[in-house]
Amino acid sequence: MLFRRQDHQAPLRAGGESIELLLDGEPLCVSVRRHPQARRLTLRVRAAARDVTLTAPPHVSLASAREFVHRHREWVRVRLVRLPQMVPFEAGALVPMRGEPHLIVHHPDARGTVWAGDLHGGVPTLCVAGDAPHVARRVRDHLKKEARVDLARAVRTHAERLGVEVGRITLRDTASRWGSCSAKGDLSFSWRLILAPPFVLDYLAAHEVAHRLEMNHGPRYWRLVEKTYPRRSEAEAWLRHHGAGLHRYG
């Protein structure tokens, strides 16, 4: 967004600031975040969180921030409209697993939880037993279980290739990053990677395992990543174009 002139009004307070923006008759809360290194006002519409934030320098007043947001009302509205439609985990929904669309089919009288069913119109199915209110949770639990299996296998493969040991593997639903590696070697991943094609999940596993040797993103680190996973560029391109869309499911 554009640079906003400085002014001499009262600066934004340390936390809890927000600006209400009226869009198509509905109020929208824009969170205000101060950053000591920010040099301008910056609006951002996050696809994963489906929210709007304004990053501001410490010296900018709330009045100026509010004026800036209201001047860019149309910019915000257009980008919110462009966000992909949410897809709940419910009967009849198409949800990707390992990059391939699966149709959720509800079997209320069946025993069990979730299982792979027969093709329906040429599309793989995820069959879900139990009452309708439990469908979403059971699908989510099933996807997390599959993600853990695939990530554990991929992590083990890359750890062996690089000659390193890793700690615990945990799954989260993070909006800002797909994975992380702690100083102790514990790895954390977004369970939503199971929705992406397998080569993307494999790349993220390689990415975090390589941090066991280099806790940075320097040239040596990237050589390690490409040593254990040569398809880095392809996976990163996929994430740039499709990664945010994984957050619309469930």
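Residues numbered from 1 in each chain as written. Predicted model: local features only at pLDDT ≥ 70, side-chain atom pairs only at ≥ 80, totals over all residues. Heavy atoms only, no water.

Description of the pattern of salt bridges
Next up, step 1: For the coordinates displayed, the defined rule picks out 12 salt bridges.
Next up, step 2: A salt bridge links R98 to E146; the shortest N-O distance between them is 2.7 Å. In this pair, R98 sits in the loop between β5 (94-97) and β6 (100-107) while E146 sits in helix α3 (residues 135-162), placing the two residues 48 residues apart along the sequence.
Next up, step 3: In this structure, R98 engages D150 in a salt bridge whose closest nitrogen and oxygen atoms are separated by 2.7 Å. One end of the pair, R98, is in the loop between β5 and β6; the other, D150, is in helix α3, and 52 residues separate them in sequence.
Next up, step 4: Three or more residues joined by partner-sharing salt bridges are found here, namely R98, E146, D150 and R153. (Salt bridge = Lys/Arg side-chain N within 4 Å of Asp/Glu carboxyl O. Helix = DSSP H or I, 4+ residues; strand = E, 2+ residues; numbered from the N terminus.)

Some words on the sheet that holds strand β10 (residues 179-181)
Next up, step 1: Here 3 strands make up an open sheet; going across it, the order is β9-β11-β10 and the pairing mixed. A strand with exactly one partner marks an edge of an open sheet, and here the two such strands are β9 (169-172) and β10. Direction aside, the axes of adjacent strands within the sheet are offset by 15° on average.
Next up, step 2: Examined bridge by bridge, β10 and strand β11 (residues 187-190) share 3 bridges and lie antiparallel to one another. (Pairing = 2+ DSSP bridges. Axes fitted to C-alpha atoms, helices over the stretch in contact; angles between N-to-C directions.)

Some points on the packing of aromatic side chains
Next up, step 1: Counting across every chain of the model gives 2 aromatic pairs.
Next up, step 2: Centre to centre, the rings of Y203 and Y229 are 6.3 Å apart; their planes meet at 45°, and the pair counts as tilted. Note that Y203 is positioned in helix α4 (residues 198-210) and Y229 in the loop between α5 (219-228) and α6 (232-242), a separation of 26 residues in sequence.
Next up, step 3: By relative accessible area, which is 3% here, Y203 ends up buried.
Next up, step 4: The buried category is assigned to Y229, whose relative accessible area is 5%.
Next up, step 5: Both rings, one in Y221 and one in W222, keep their centres 4.9 Å apart while their planes meet at 70°; by these two values the pair is edge-to-face. By the burial criterion, Y221 is buried, and W222 matches it.
Next up, step 6: Above the plane of the ring of W222 lies R232, whose end atom (NZ or CZ) is 3.7 Å from the centre. (Phe/Tyr/Trp six-rings, centres within 6.5 Å; stacked < 30°, edge-to-face > 60°. Buried < 20%, exposed > 50% of the residue type's maximum accessible area, 1.4 Å probe, protein only. Lys NZ or Arg CZ within 6 Å of the ring centre and 35° of its normal.)

Things to note about the packing of α3 against α5
Next up, step 1: Contact geometry of α3 with α5 gives a least axis separation of 10 Å together with a crossing angle of 115°. In the crossing of α3 with α5, the sense of the turn from one axis to the other is right-handed. Two secondary-structure elements touch here, α3 through H158, R161 and L162 and α5 through L224, K227 and T228.
Next up, step 2: Among the residues forming the contact of α3 with α5, the class breakdown is 2 nonpolar, 2 polar and 2 charged. (Left-handed = near helix turned anticlockwise from the far one by under 90°. Contact = heavy atoms within 4.5 Å. Nonpolar A, V, L, I, M, F, W, Y, C, P; charged D, E, K, R; others polar.)

Describing the confidence of the model for the chain
Next up, step 1: The predicted model of the chain has a mean per-residue pLDDT of 91, with 94% of residues at 70 or higher.
Next up, step 2: Long-range and interchain partners of residues 1-14, a stretch whose pLDDT sits below 50, account for 40 contacts in this model, where long-range means more than four residues apart. (pLDDT = per-residue confidence, 0-100.)

Quick look at unusual backbone geometry
Next up, step 1: Positioned with a positive phi, D24 is a non-glycine residue whose angle comes to about 50°.
Next up, step 2: Relative to the helices and strands, D24 is located in the loop between β1 (18-23) and β2 (26-34).
Next up, step 3: Notably, R98 is not glycine yet its phi reads approximately 55°, a positive angle.
Next up, step 4: The partly exposed category is assigned to R98, whose relative accessible area is 28%.

Quick notes on helix α1 (residues 62-71)
Next up, step 1: Listing the buried residues of α1 in full gives L62, S64, A65, F68 and V69. Down the axis of α1, the buried set is contained in an arc of 160°. They therefore lie on one face.
Next up, step 2: Against β1, β2, β3 (42-46), β4 (51-56) and α2 (73-81) lie the buried residues of α1. (Arc of directions from axis to C-beta.)

Details of the sheet that holds strand β8 (residues 123-129)
Next up, step 1: One open sheet holds the 4 strands; their spatial order is β5-β6-β8-β7, and the pairing between them is mixed. In this open sheet, the two edge strands, each paired with only one partner strand, are β5 and β7 (114-120). Ignoring which end each strand starts from, the neighbouring axes of this sheet average 45° apart.
Next up, step 2: In terms of strand pairing, β6 meets β8 through 5 bridges, oriented parallel. Among the inter-strand pairings, I104 is bridged to a residue of β8, identified as L126.
Next up, step 3: In the packing of α3 onto the sheet, the strands contacted are β5, β6, β7 and β8, and the crossing angle to β8 comes to about 120°.

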